[in-house]
Amino acid sequence: MAGAAEHRDSGSGSALQAVFEQLRSAYTLSLTLTSPLCLAVTALDRYLSLQHPSGESYSYDLTITDGHWRMKCQLADSLTRWVRTGSLRCGAGVLVSQLSLVHDETRLSHSYLRIDGIHSVVELPERFLSIKDVEKIPQWCQDYVTRSDGPLQLSRKYYLPLWINDDPYGSVWIPNNPPPDVVIDVSRITLVADLDAFFHSSRRPLPLLVRILHRSRIRYYGKPGQNIDFPFQVYCEVADQSGVMSMVVWNDLCPEWFNRLTVGSVLYLQQYSLKHSYQKRSRPQIRTLSLMTFHSIEICLNPRSPASVVTVIPPKSVQPQWGLPDVPYNFATRSEVDSMNSNQACDVIGLVTYVGRVERIRSKEKTGPEKFWAYRWVHAVDGTTDSPFILEIFSSSQPEIFNNICPMTYLVCTQMRVCQTGCSVYLTSSTETQLFITGCHKKQPYVNEPKVKAFIQWTKTLKDNVMLRRTAVGGHYCYPPAPPTFTPTTNSNMTNELSITAIAELKGELESLQYREHRRVAVQGYVAAVQYHTWPPQPELPHSEQQQEGVSVQGVSDNGAAIPSSTKDEMTLSQREMDSTSPDSDITVAPKRRRVQTGTRLHRQYFTRSKMQFNSAGIQVASTSHEEEEEQQWDEGDLESEESEGEDKHTSVRKSAVGKETDQTSQVPGVQQAAIHPTALWESRVWPLVKQKVTDHFCCGRLDQESIPEKFHFDDREVLLHDLNLSPARWNPDLTSQTHTHTPVACTGYFMLTILGLNQTAAVEVLLVPVVSSDDPRAAGVPQTQHDNSLLSCISSGRLCVQPDGSCPTPGSLMSSAPQLESERVVCIVDLCLLGERRVEMICSKLYRTADICQPSSTQ
């Protein structure tokens, strides 16, 4: 601790120490700072809350530093929304305005700091950018402030992953080290088929010798107030020569054994118990194994009463005379998947060509704390057809694999389920799915499967540079495509159908969104306005040049006429006024850095004629109340050789009041108004008449770079994966300081649609990025039907058709058919996703015209 002593001696430069001394000498345990203290967030940890009146499901510890010291603090429950929306993140700066000292009254000498007030989250100041290794900053441990490797609330013994509950996380989860040599007595063992007799008698069952055929992901069942130290559960399907049975690993044994209970492992089990099997759970499909499966009872491994004894047999010690079955596989090629039945299970292997960003969806479980599932979309090819596997992969409790799936790697997915929807076929992962990527294939049981060997032979014919041209990552992606007609559901139990949401109710949907949460809603109304914007955005010209050239903004009215120049001038003037009053206008932000996010202190400030408010989601609400070449040789080193070789759109919610004040709308801080300079513009006849009276207008800024897929480059692999994955729980200064050039895939522009509600009191702006090329990942698995390239056809199909000369229609020709939209009642399917840092993605994935809308067959 000599380094720590040095820091303590020279601690006069530590702002964190100075604040702590103020707090310790204060008469009360709380301290409000006269000037917010800027600290760097180095770690974020989540754990299940105790029973709190606030009703929050999870609590957070965050580790902060002033550059001299690190300290772990608890985040007040009232501030957890900053984390859940992705605003407060590792590698950001936080301006702390209030702290308090908390003593655990049930323990001796256990105290910690709690952050009770946050002024804002900012880009890291320059003084923190010199930090290269956070772990070299000494951790504060002085007097009665406790240093803790676990949760500051000592009643919790573990941390959960930051964004989901089903991954192993933290030091309590023992890694998978090679098992030691053991000697076991196989003379007195029982068989799986004989366990039923033990279950119906009072005799303790004899030891078992079994092989793991399948393993489920981790199930977390913790609840506030629950008195279980480690509420985890894992299912395995185990077998011997007599049959197959489920084995359940409970509680404390999960952190101890999960990483070591790998598929194919052989176990010697003692002191297990038997109980009736839980029937309402998913089970793997084992059709290629000619053994009986026993579903009535299951094997239970418990940490106590009795404490089960588990021994993993080293592979070299497994004897053939034991008669243990091999792990069964059912590999299918891409050409075979189309003819498979829906929900049929199969295993696949492919070369990855597209990897989507990780998103989250909210679990529909109605009991316990809120829960999210993490998933991503992946395309992989196997050479049997031109079409890729389209894979919806959920987290499988293998974060080291799930987070490292990237183009040009070999991917194996087991126990995938076939999904047939109309003309679309894709595979989705199951509870028992296991993932393997390049670097993990060695010695796996499937390496000798015939279809795996055939795949390897195919890859030997490939050239790396050719395949690289087919790769992409990221962007908005949703599959399967919406059906050709829309029928709203009237049954809340129909999870695959959408009910219609009133446009005014979108405020609640947006405010409740959490970080990278994907949600789909349907709204109905009329297309009141359409703007077309080129992409990538062109540099803005000075105002005088715009007037001289007259071509940087081409607007057309409903009859195809150009927008008068006076209107353009008013638009530019309005933009200048809005910029001058933005709360970001007095903040100097370095290029490519994120804008300052300011919290509740702005609640009573006014900007132009609107009051800019921050709701609890960190989304700003304006109320106008008087308020993204080297050929690679792959040989039978096979699956192992490949890996080593080889601004800013924000979304605001604007609520406009009736009256003249709505004529001058203010720009929400952080939103760059794409509406200022569209390449082409059309408005319906009714829109100019009613937009003054719209009381709820949900606006989006220009298209976010994160919404567009980009080309994959090996040199940028680490930074691309960092951006595609969920925000990390630990700050890596070296990684976050890297940048790369975003090379968009087949995107020339996008539409901004204004949908006016039926009652003409609410409107929403959504973005539609049409598919213009087969290089776009969204074109895979979608029928390429031709249409007339009218504006209505383009926005209802979501794609532009290539003309005979190989070009796409111009914005002007598209807008010339815009009058077809007049009085056309539409239903718009909108994909919402909170990208973080107050950026909400609002993408129109499908627009139904009147002829495509069906009335429900019955009403409830």
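- Where an unreviewed UniProt entry is consulted, the protein appears under the name RPA1 related single stranded DNA binding protein, with the organism given as Culter alburnus.

Remarks on the overall build of the protein
Thinking step 1. Secondary structure assignment for the protein yields 17 helices and 34 strands.
Thinking step 2. Per-residue burial over the protein gives 56% buried out of 860 residues.
Thinking step 3. For the protein, the exposed surface amounts to about 37400 Å²; the carbon and sulfur share of it is 49%.

Some details on the pattern of salt bridges
Thinking step 1. Taken as a whole, this structure holds 28 salt bridges when the rule is applied.
Thinking step 2. Note that E135 is salt-bridged to R70, the shortest N-O span being 3.8 Å. With E135 in the loop between β5 (111-122) and α4 (195-199) and R70 in strand β3 (residues 70-75), this pair connects stretches of sequence that are 65 residues apart.
Thinking step 3. In this structure, the salt-bridge partner of D831 is R520, at a minimum N-O distance of 2.8 Å.
Thinking step 4. Here the salt bridges do not stand alone but share partners, grouping R89, R516, D704, E706, E837 and R839 into one network.

Points about the packing of aromatic side chains
Thinking step 1. For the structure shown, the criterion picks out 26 aromatic pairs.
Thinking step 2. Measuring from centroid to centroid gives 5.1 Å for Y220 and F232, while their planes differ by 50°, and the two rings are tilted. With a gap of twelve residues between them, Y220 in strand β7 (residues 219-220) and F232 in strand β8 (residues 232-240) connect regions that are remote in the sequence. One exposure class covers both Y220 and F232, and it is buried.

Notes on helix α14 (residues 717-724)
Thinking step 1. Along α14, the residues classified as buried are R717, V719, L720, L721 and L724.
Thinking step 2. Structurally, α14 contributes buried residues whose contacts are with β14 (345-355), β16 (372-381), β21 (472-473), β30 (710-711) and α15 (733-736).

A word on unusual backbone geometry
Thinking step 1. Put simply, S305 and P306 share a cis peptide bond, and its omega is -5°.
Thinking step 2. Looking at where P306 falls in the secondary structure, it is placed in the loop between β12 (293-301) and β13 (309-313).
Thinking step 3. With a phi close to 75°, M408 is a non-glycine residue in the positive phi region.
Thinking step 4. If you trace the backbone, M408 turns up in the loop between α7 (399-402) and β18 (410-421).
Thinking step 5. Overall, M408 belongs to the buried group, its relative accessible area being 1%.
Thinking step 6. Of note in this structure, N789 is not a glycine but carries a positive phi near 60°.
Thinking step 7. If you trace the backbone, N789 turns up in the loop between β32 (762-768) and α16 (791-797).
Thinking step 8. N789 gets classed as buried once you look at its relative accessible area, which sits at 13%.

Details of the nonpolar core
Thinking step 1. If you look at the biggest cluster of nonpolar residues, it comprises 116 residues, and the most contacted ones within it are L88, I115, L269, I299, L391 and I393.
Thinking step 2. Those residues in contact with I299, other than ones at most four positions away along the chain, are L195, L208, V238, M245, S246, M247, V248, L269, Y272, S273 and L274.
Thinking step 3. Counting residues in hydrophobic clusters, the runner-up holds 48 residues, among them A680, L703, C747 and I843.

Thoughts on the environment of R114
Thinking step 1. For R114, the position within the fold is in strand β5.
Thinking step 2. The sequence separation of R114 and D77 amounts to 37 residues, and the corresponding C-alpha distance is 10.0 Å.
Thinking step 3. With sequence-adjacent residues up to four places away left out, R114 is seen in contact with Q74, L75, A76, Q98, L99, S100 and V102.

Some points on the side chain of T85
Thinking step 1. Inspection of the secondary structure assignment puts T85 in the loop between α3 (81-84) and β4 (93-103).
Thinking step 2. Owing to a relative accessible area of 2%, T85 belongs among the buried residues under this scheme.
Thinking step 3. Within polar-contact distance, the side chain of T85 engages the backbone oxygen of R81 at 2.8 Å.

Some words on the side chain of T754
Thinking step 1. Following the sequence through the fold, T754 ends up in strand β31 (residues 749-756).
Thinking step 2. Look at T754 and you get buried, because its relative accessible area is 3%.
Thinking step 3. Those residues in contact with T754 that sit more than four places away from it in its chain are Y526, V527, A528, A529, W687, H697, A763, V764 and E765.

A few points about the confidence of the model for the protein
Thinking step 1. Per-residue pLDDT for the protein averages 82, and the proportion of residues at 70 or more is 80%.
Thinking step 2. Counting contacts from residues 1-11, a segment whose pLDDT is below 50, to residues more than four positions away or on other chains yields nine contacts.
Thinking step 3. Of the regions scoring below 50 in pLDDT, residues 543-675 engages in 309 contacts with residues more than four places distant in sequence or in other chains.

Examining the environment of R778
Thinking step 1. Tracing the backbone through its elements, the reader meets R778 in the loop between β32 and α16.
Thinking step 2. Linking R778 and P709, residues 69 residues apart in sequence, is a C-alpha distance of 9.4 Å.
Thinking step 3. Apart from the residues within four sequence positions on either side, R778 is in contact with H476, Y477, V769, P770 and V771.
Thinking step 4. Separated by 2.7 Å, the side chain of R778 and the backbone oxygen of V769 make a polar contact.
Thinking step 5. Engagement of the side chain of R778 in a polar contact is seen with the side chain of D776, the distance being 2.8 Å.

Some words on the pairing of β14
Thinking step 1. For β14, a buried count of eleven out of eleven residues is recorded, marking the element as mostly surrounded by other parts of the structure.
Thinking step 2. In the sheet, β14 pairs with β18 via six bridges, with the strands oriented antiparallel. Looking at the pairing, V348 lines up with C413 of β18.
Thinking step 3. Relative to β16, β14 runs antiparallel, the two being bridged by four bridges. The partner of V355 across the bridge, within β16, is V378.
Thinking step 4. Both β14 and β21 contribute to a ladder of two bridges, which runs parallel. Paired with Y354 across the bridge in β21 is A472.

Here's the deal with helix α2 (residues 15-25)
Thinking step 1. When α2 is considered as a whole, its buried residues turn out to be L16, Q17, V19, F20 and L23. For α2, the arc enclosing every buried residue in end-on projection is 160°, short of the 170-degree limit, so these residues lie on one face.
Thinking step 2. Contacts from the buried residues of α2 go to β1 (30-48), β2 (58-65), β3, β4 and β5.

A few points about the state of the cysteines
Thinking step 1. Tallying each qualifying case throughout the model produces zero disulfides.
Thinking step 2. With no disulfide of its own, C794 lies closest to C801 among cysteine sulfurs, the gap being 6.9 Å.
Thinking step 3. Classification of C794 as buried rests on a relative accessible area of 0%.
Thinking step 4. Here C828 is not cross-linked by a disulfide; its sulfur's nearest cysteine counterpart is in C844, at 3.4 Å.

Focus: the environment of I390
Thinking step 1. Topologically, I390 is positioned in strand β17 (residues 389-394).
Thinking step 2. By relative accessible area, which is 4% here, I390 ends up buried.
Thinking step 3. Between the alpha carbons of I390 and H379 there is a distance of 4.9 Å; along the sequence they are eleven residues apart.

The rules behind these values
Residues numbered from 1 in each chain as written. Predicted model: local features only at pLDDT ≥ 70, side-chain atom pairs only at ≥ 80, totals over all residues. Heavy atoms only, no water. Helix = DSSP H or I, 4+ residues; strand = E, 2+ residues; numbered from the N terminus. Buried < 20%, exposed > 50% of the residue type's maximum accessible area, 1.4 Å probe, protein only. Areas by Shrake-Rupley, 256 points an atom, 1.4 Å probe, with all protein chains shown as cover. Salt bridge = Lys/Arg side-chain N within 4 Å of Asp/Glu carboxyl O. Phe/Tyr/Trp six-rings, centres within 6.5 Å; stacked < 30°, edge-to-face > 60°. Contact = heavy atoms within 4.5 Å. Core = buried A, V, L, I, M, F, W, Y, C linked by side-chain atoms within 4.5 Å. Polar contact = N/O pair within 3.5 Å; in protein donor to acceptor, adjacent residues only side chain to side chain. pLDDT = per-residue confidence, 0-100. Pairing = 2+ DSSP bridges. Arc of directions from axis to C-beta. Disulfide = S-S within 2.5 Å.

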